[in-house]
Amino acid sequence: MFPVRVFEARIREILDTMDGIFAEQRGEEADDLEELNAELEDALFMLAETDVENENSVEELREELEEFEALCGDYQRLAARVPALQEPSDQLTRLVEMMTGNL
């Protein structure tokens, strides 16, 4: 079955990195990154609650991946103002692409 827990753990590692970057920010960038990190945490919570054994899980995962894809775009846009975000943002984007490809 789809390795949801493996992807979830990797996303949590990326979020930890982004939280560290947040701690170094000030002003509008800090506010924007704090909001994105909170949204990513919420998306991770929903992913953690997904029952991969359920017959409807593939559709649930597709919907959740749409949220992750939107967040990737938001992180990429913020990385233009916060260069330290570029690498973890790229990692998140690649991971979400892998998740989508494995459905």
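Please refer to the structure placed before this passage.
The shown structure was predicted, so the numbers you read here are calculated from the model rather than taken from an experiment. (Residues numbered from 1 in each chain as written. Predicted model: local features only at pLDDT ≥ 70, side-chain atom pairs only at ≥ 80, totals over all residues. Heavy atoms only, no water.)

*Asks:* Can you walk me through the pattern of salt bridges in this structure?
*Replies:* Side-chain pairs of opposite charge can arise where the charged atoms are in close proximity. Inspection of the entire model under this criterion finds eight salt bridges. Between Glu28 and Arg81 there is a salt bridge, with the nearest N and O atoms lying 3.7 Å from each other. Taken as a pair, Glu28 in helix α2 (residues 27-48) and Arg81 in the loop between α3 (57-79) and α4 (86-101) lie far apart in primary sequence, 53 residues in all. When its relative accessible area of 39% is taken as the criterion, Arg81 is described as partly exposed. Across the pair Asp32 and Arg81 runs a salt bridge, and its minimum N-O distance is 2.4 Å. A residue pair is termed long-range when its members are at least 10 positions apart, and Asp32 in helix α2 and Arg81 in the loop between α3 and α4 qualify at 49 residues. A relative accessible area of 25% means that Asp32 is categorised as partly exposed. Members of the salt-bridge network, linked through shared partners, are Arg5, Glu8, Arg12 and Glu41. (Salt bridge = Lys/Arg side-chain N within 4 Å of Asp/Glu carboxyl O. Helix = DSSP H or I, 4+ residues; strand = E, 2+ residues; numbered from the N terminus. Buried < 20%, exposed > 50% of the residue type's maximum accessible area, 1.4 Å probe, protein only.)

*Asks:* Explain the packing of helix α1 (residues 4-23) against α2 to me, please; I cannot follow it from the model alone.
*Replies:* Any two packed helices are characterised by how steeply their axes cross, that is the angle between the axes, and by the distance between the axes. As a packed pair, α1 and α2 sit with axes 10 Å apart at the nearest point and diverge in direction by 165 degrees. Of the possible angle classes, the one that applies to α1 and α2 is roughly antiparallel. The way α1 lies across α2 gives a crossing that is left-handed. In this structure, α1 uses Val4, Arg5, Glu8, Ile11, Arg12, Leu15, Met18, Asp19, Ile21 and Phe22 to contact α2, whose residues at the interface are Ala30, Leu33, Glu34, Asn37, Leu40, Glu41, Leu44, Leu47 and Ala48. Residues that form the contact of α1 with α2 fall into these classes: twelve nonpolar, one polar and six charged. (Axes fitted to C-alpha atoms, helices over the stretch in contact; angles between N-to-C directions. Parallel < 35°, antiparallel > 145°, perpendicular 65-115°, else oblique. Left-handed = near helix turned anticlockwise from the far one by under 90°. Contact = heavy atoms within 4.5 Å. Nonpolar A, V, L, I, M, F, W, Y, C, P; charged D, E, K, R; others polar.)

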